[in-house]
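# Examining the three-dimensional arrangement
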Amino acid sequence: MMKNKENKWWQPENYMKNADKRIARMCVLKEIRHFFEAEGFAEVDTPALQVCPGMEVHLRAFSTQLDSPLGETSVVRHLHTSPELSMKKLLVAGLPKIYQLCHCFRNEAIGQTHLPEFTMLEWYRKSTDYTAMMEDTERLVKSCTRVCQAEVLRFKDITCNPFQEWERLTVAQAFFKYAGIDLMATLDENPCVLPEPDKLRYEAQAKGIWCGPQDNWEDIFFRIMMEKIEPYLGHNVPTILCDYPTCLGALARQKPSDARVCERFEAYICGVELCNAFSELTDVEEQRRRFEADSAMKKQLYGYTYPIDEDFLEALSFGMPESSGNALGVDRLIMLITGAEDITETCWVPEI
């Protein structure tokens with residue numbers, strides 16, 4: 001019988017082209033565990049099937065039916081987009097420092113830096129704020145880069161040295177630096193709700209950014225981010241972009257010195273977003289209000305929503321400690337360390 005000559009990823013001559021990247025993957029996963037074990041963290045493992053996969057407006061989950069053995073009952077469950085809600089319940093239960101490496105699922109298109117099934121690292125520290133997460137992120141990225149014997153991080157033709165001092169930039173500073181826009185002047189009196197879009201639309205259009213007539217403030221914000229800001233972050237050295245408008249901090253607490261912004265940051269390397277971190281919101285009434293607002297927005301935009309995790313809100317009301325947490329894309333980190341041109345190069349099986 002003649003062999004199929006069509007090129008397949010599993011043919012040895014094709015697969016071994018990226019062998020170095022998969023060796024790097026093993027090294028990075030081993031180093032992540034070593035890093036957190038040395039810090040006294042407990043590694044946890046929470047269920048992927050959830051009542052609520054996450055409440056962020058634009059997240060789309062994979063859903064399934066959970067049937068009883070004889071088919072008497074059937075309930076909807078969703079593959080989690082993040083283990084966040086389950087891990088926070090463990091903080092309430094009394095675990096002070098936890099981390100998890102797990103597969104997460106988001107129903108969105110495959111791209112150079114996106115996979116619908118990907119590896120997430122999340123970790124939480126009791127009695128800390130987002131500055132602790134900034135320090136952890138810097139040390140972890142350096143450790144993983146070092147163990148892979150890389151000197152710089154790379155994506156396309158952009159390089160970044162994680163061993164030099166990292167840049168820290170507020171969102172407002174980034175909007176002014178890269179887009180010439182005073183973002184804070186576009187916010188409304190109530191920092192917890194989306195502002196009216198007119199002021200930001202005017203500023204965006206003045207900079208040549210197209211805005212649709214139905215775009216809300218958040219739509220315009222992210223269009224400016226994608227066109228004018230994100231591509232320029234994390235060049236030469238990593239950028240920590242912090243202090244997001246409170247209306248964009250679904251699970252982050254407000255900054256005590258300025259309620260217009262929340263204690264949230266994202267780290268960017270070579271224009272690629274690597275992680276998303278917060279000082280965690282512990283006010284159950286404020287959290288419920290934000291969940292309900294996000295749910296209403298999702299229903300308006302997409303015609304459906306996910307149920308609120310009432311068990312999480314009950315745990316929050318029981319008493320979640322002041323904490324900080326971070327969610328980091330492991331596949332992206334490996335991609336940046338190895339200089340891969342496509343995120344699938346970092347996976348053991350590069351297909352879904």
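Within each chain, residue numbers correspond to sequence positions counted from 1 in written order. For a predicted model such as this one, the threshold for reporting local features is a pLDDT of at least 70, and the threshold for listing and counting side-chain atom pairs is 80 or more; totals across whole chains, interfaces and linings nevertheless cover every residue. Values reported for side chains reflect all heavy atoms of the structure, with hydrogen atoms and water molecules removed beforehand.

Counting its regular elements, the protein contains 10 helices and 14 strands. Taking 20 Å as the expected radius of gyration for a compact globule of 352 residues, we find that the protein reaches 21 Å, a close match to that expectation. With respect to the three principal axes, the spread of C-alpha positions in the protein is 70 × 60 × 45 Å. Exposed residues in this analysis have more than 50% of their type's maximum accessible area, buried residues have under 20%, and partly exposed residues fall in between, with area computed by a 1.4 Å probe over protein chains only. The burial tally for the protein puts 51% of its 352 residues in the buried class. By definition, residues are in contact when any of their heavy atoms lie within 4.5 Å. Here the contacts in the protein between residues at least 6 apart in sequence split such that 68% fall between residues at least 24 apart. Where accessible areas are quoted, they stem from the Shrake-Rupley method and a 1.4 Å probe; at the residue level, only the protein chains shown are allowed to cover. Here the protein has roughly 17100 Å² of accessible surface; of this, 52% comes from carbon and sulfur atoms. Working definition: helices are DSSP H or I runs of at least four residues, strands are E runs of at least two. Numbering for both runs from the N terminus. Atoms counted for the radius of gyration: C-alpha only. Globule rule: 2.2 Å times the number of residues to the power 0.38.

All right, on to the pairing of strand β10 (residues 239-245) then. Counting buried positions over the seven residues of β10 gives seven, a clear majority of the element. Sheet analysis places strand β9 (residues 167-170) next to β10, joined by four bridges and oriented parallel. From the neighbouring strand, Glu-167 faces β10, where its bridge partner is Thr-239. Two strands qualify as a pair provided that DSSP identifies no fewer than 2 bridges between them. Examined bridge by bridge, β10 and strand β12 (residues 258-269) share six bridges and lie antiparallel to one another. Bridge pairing links Pro-245 to Val-261 in β12.

We call a set of buried residues a nonpolar core when its members are Ala, Val, Leu, Ile, Met, Phe, Trp, Tyr or Cys and they connect through side-chain atoms within 4.5 Å of each other. With 48 residues, the main nonpolar core has Phe-175, Phe-221, Ile-224 and Leu-241 as its most contacted residues. Ranked by residues supplied to this core, first place goes to helix α7 (residues 217-229) with six residues. In terms of nonpolar packing, the next biggest core, distinct from the first, is built from 47 residues, Cys-104, Ile-240, Ile-269 and Val-272 among them.

Right, let's talk about the side chain of Thr-46 for a bit. Checked against the element boundaries, Thr-46 lands in the loop between β1 (42-43) and β2 (49-50). Sequence-distant contacts of Thr-46, defined by excluding residues within four places in its chain, comprise Pro-83, Ser-86, Met-87, Leu-90 and Gln-100.

Each Phe, Tyr or Trp ring, with Trp reduced to its six-membered ring, pairs with another whose centre is within 6.5 Å; inter-plane angles below 30 degrees give stacked pairs, above 60 give edge-to-face pairs, and intermediate values give tilted ones. Taken as a whole and assessed by the stated rule, the structure comprises 12 aromatic pairs. When the ring of Trp-9 is compared with that of Tyr-15, the centres are 5.7 Å apart and the planes differ by 50°; the resulting orientation is tilted. Look at Phe-36 and Trp-123: their rings are 5.3 Å apart centre to centre, the planes differ by 50°, and that puts the pair in the tilted class. Of this pair, Phe-36 sits in helix α2 (residues 19-38) while Trp-123 sits in strand β6 (residues 117-126), and the two are 87 residues apart along the sequence. Considered together, Phe-36 and Trp-123 belong to a single accessibility category, that of buried residues. In this scheme, the term charge over a ring applies when either NZ of a lysine or CZ of an arginine sits within 6 Å of the ring centre and within 35 degrees of the ring normal. Stacked on the ring of Tyr-15, the Lys or Arg Arg-22 has its end atom at 4.1 Å from the ring centre. Over the aromatic face of Tyr-244 sits the side chain of Arg-264, whose NZ or CZ is 4.1 Å from the ring centroid.

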